[in-house]
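Here are the chains, one letter per residue:
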Amino acid sequence: MGFTGNKMTWKVSVYLFSIRLILTSHPILGSGFSDSPTVDEESYQLSWMTSVPDATLLSAISIPGTHDSLTTYGGPLIQCQTLSLENQLKAGLRYFDIHVGIWTVFQQTVDVRDGQIKHQKFHVALETTTAFLDENSSETVLFRVTLKGFFQKRTGKLVKKLLEEFKDKLWTKTIVPQIGEVRGKIVFIQSKNFNVGTLNHNTYFKGDNKFKNIPNKIKKIKKHLEEAGEICSHTLVLTESTATAFFKGPKSVAKEVNNQLNTLIMERKKGSEKPACLGVVSMDFPSSELIRNIINTKPCLCHRTGNKDPLEPAEPELEPQPEPGPEPEPGPEPKPETST
């Protein structure tokens with residue numbers, strides 16, 4: 001369903017989608033935190049995008065996702081999730097923050113990694129996601145890839161070569177798509193050092209991801225959520241609800257932040273006729289209740305401001321690369337790299 005010349009039809013579709021939310025959903029005021037490694041089948045959200053009108057911009061939808069999405073082990077200062085990628089998809093999560101790297105300049109495949117810990121091969125993550133989309137063609141999934149470790153230039157080339165194998169299942173343009181354009185596809189979002197995909201408001205993240213105190217963190221989250229509906233006509237807004245500190249790991253922070261995030265989302269939805277879309281919300285250890293409350297937020301009434309890409313990609317800044325030569329076997333660093 002196109003948008004140009006058909007604004008009334010689109011508004012009617014959004015209205016019907018809103019009625020569906022009223023009839024089939026209700027606010028859930030439970031805990032926003034969960035570290036369970038499994039998802040109850042009753043909490044599956046396999047095809048929640050089905051009722052979103054095709055002409056809706058992806059930036060106008062509230063999309064739940066995870067930070068360091070595949071960092072499912074590594075200790076209290078490293079671990080950010082307990083659910084596998086497959087279970088995260090089943091739970092309704094549609095945005096994934098993935099860190100990739102290689103260990104030597106001779107390596108031909110790319111690992112999903114955090115510090116010195118390898119979690120899985122990146123091509124496996126792509127295969128898992130495309131298989132899910134083949135079975136649930138109404139959905140779209142967002143990937144934000146960040147290059148880590150040494151040899152980032154080499155890693156970037158390997159990733160781009162791999163993406164060619166999946167090109168029919170990917171959206172890598174800078175313009176924000178309508179959901180009808182990307183159903184059954186992975187939409188890539190640019191990161192600070194991998195310039196493939198659409199830019200987002202926090203590609204060059206302005207917020208503070210270092211933990212200071214809960215009120216300060218919630219204040220920053222609230223500001224970003226408010227911006228989501230204001231600029232959704234030309235860019236995605238990514239809100240990071242996560243943080244770490246020397247004395248607090250991702251799980252400790254999530255136990256405090258997620259409950260308040262859940263309450264904040266319900267307050268934004270309550271007593272307002274104006275849709276309050278949230279953009280992309282990235283979380284550690286989200287509960288099924290929190291995921292569902294994000295999904296059930298009405299899309300904003302916004303549309304593209306023009307046919308051209310609103311933002312031009314910046315040349316990524318890569319870390320200095322050592323000269324090629326014989327490579328030592330990877331070993332532990334003095335201190336593990338904590339999640340950010």
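As the structure is a prediction and not an experimental result, all values here were calculated from the model.

1. A few points about the nonpolar core
Point 1. One finds Val-100, Phe-122, Leu-126, Leu-142, Phe-143, Leu-163 and Phe-188 to be the most contacted residues of the largest nonpolar core, which totals 68 residues.
Point 2. Contact partners of Leu-142, with chain neighbours within four places excluded, come to Leu-58, Ile-63, Arg-94, Tyr-95, Phe-96, Val-187, Ile-189, Leu-236 and Val-280.
Point 3. Counting 6 residues, the second largest nonpolar core, distinct from the first, contains Ala-60, Cys-277, Cys-300 and Cys-302.

2. Structural notes on helix α7 (residues 250-269)
Along an α-helix, residues three or four apart share an orientation, since each turn contains 3.6 residues.
Point 1. Its 20 residues give α7 an end-to-end C-alpha distance of 27 Å, which sits within 8% of 28 Å, the value for a rise of 1.5 Å per residue.
Point 2. Of all bends in α7, the biggest is about 30°, found at Glu-256.
Point 3. The complete set of buried residues in α7 reads Pro-250, Val-253, Ala-254, Val-257, Asn-258, Leu-261, Asn-262, Leu-264, Ile-265, Met-266 and Arg-268.
Point 4. Structurally, α7 contributes buried residues whose contacts are with α6 (214-230), β9 (280-283) and α8 (288-295).

3. A closer look at the state of the cysteines
A covalent bond between the sulfur atoms of two cysteines is referred to as a disulfide.
Point 1. Summed over the entire model, instances satisfying the criterion amount to 2 disulfides.
Point 2. In this model, Cys-232 is linked to Cys-302 through a disulfide, with the two sulfur atoms separated by 2.2 Å. On the criterion of sequence distance, the pair formed by Cys-232 in the loop between α6 and β8 (238-240) and Cys-302 in the segment after α8 is long-range, its members being 70 residues apart. For the pair formed by Cys-232 and Cys-302, the shared burial category is buried.

4. Remarks on the packing of aromatic side chains
Point 1. As enumerated under the stated definition, the model contains 5 aromatic pairs in all.
Point 2. Each ring, one from Phe-96 and one from Phe-143, has its centre 6.2 Å from the other, and the planes form 85°; the classification is edge-to-face. Here Phe-143 lies in strand β5 (residues 141-147) and Phe-96 lies in strand β2 (residues 95-101), a separation of 47 residues in the sequence.
Point 3. Exposure remark for Phe-96: the relative accessible area of 0% places this residue in the buried category.
Point 4. Sitting over the ring of Trp-103, Arg-113 keeps its end group 4.1 Å from the ring centre.

5. Thoughts on the packing of helix α3 (residues 122-135) against helix α4 (residues 152-165)
Point 1. Where α3 meets α4, the axes come as close as 11 Å, and the angle between the chain directions of the two elements is 30°. Overall, the two elements α3 and α4 adopt an arrangement that is roughly parallel. The element α3 and its partner α4 pack so that their crossing is right-handed. Residues Phe-122, His-123 and Leu-126 of α3 lie in contact with α4, whose contacting residues are Val-159, Leu-162 and Leu-163.
Point 2. The residue inventory of the contact of α3 with α4, partitioned by class, reads 5 nonpolar, 1 polar and no charged.

6. With respect to the pairing of strand β1 (residues 63-66)
Point 1. Both faces of β1 are covered, namely the face carrying Ile-63 and Gly-65 and the face carrying Pro-64 and Thr-66.
Point 2. Bridge count for β1 against β9 is 4 bridges, and the pairing is parallel. By the bridge assignment for β9, Gly-65 is matched with Ser-282.

7. Quick word on the pattern of salt bridges
Point 1. This structure, assessed with the given rule, holds 8 salt bridges.
Point 2. Between Asp-35 and Lys-251 there is a salt bridge whose closest N-O contact spans 3.4 Å. Taken together, the residues Asp-35 in the loop between α1 (7-24) and β1 and Lys-251 in helix α7 connect sequence positions 216 residues apart.
Point 3. A residue is classified by how much of its surface remains accessible, and Lys-251, at 25% relative accessible area, is partly exposed.
Point 4. The residue Lys-121 makes a salt bridge to Asp-111 at a minimum N-O spacing of 2.7 Å. Taken together, the residues Lys-121 in strand β4 (residues 117-121) and Asp-111 in strand β3 (residues 111-114) connect sequence positions 10 residues apart.

What counts and how
- Residues numbered from 1 in each chain as written.
- Predicted model: local features only at pLDDT ≥ 70, side-chain atom pairs only at ≥ 80, totals over all residues.
- Heavy atoms only, no water.
- Core = buried A, V, L, I, M, F, W, Y, C linked by side-chain atoms within 4.5 Å.
- Buried < 20%, exposed > 50% of the residue type's maximum accessible area, 1.4 Å probe, protein only.
- Contact = heavy atoms within 4.5 Å.
- Helix = DSSP H or I, 4+ residues; strand = E, 2+ residues; numbered from the N terminus.
- Expected span 1.5 Å × (residues − 1).
- Bend = angle between axes of the 7 residues up to and from the residue.
- Disulfide = S-S within 2.5 Å.
- Phe/Tyr/Trp six-rings, centres within 6.5 Å; stacked < 30°, edge-to-face > 60°.
- Lys NZ or Arg CZ within 6 Å of the ring centre and 35° of its normal.
- Axes fitted to C-alpha atoms, helices over the stretch in contact; angles between N-to-C directions.
- Parallel < 35°, antiparallel > 145°, perpendicular 65-115°, else oblique.
- Left-handed = near helix turned anticlockwise from the far one by under 90°.
- Nonpolar A, V, L, I, M, F, W, Y, C, P; charged D, E, K, R; others polar.
- Pairing = 2+ DSSP bridges.
- Salt bridge = Lys/Arg side-chain N within 4 Å of Asp/Glu carboxyl O.

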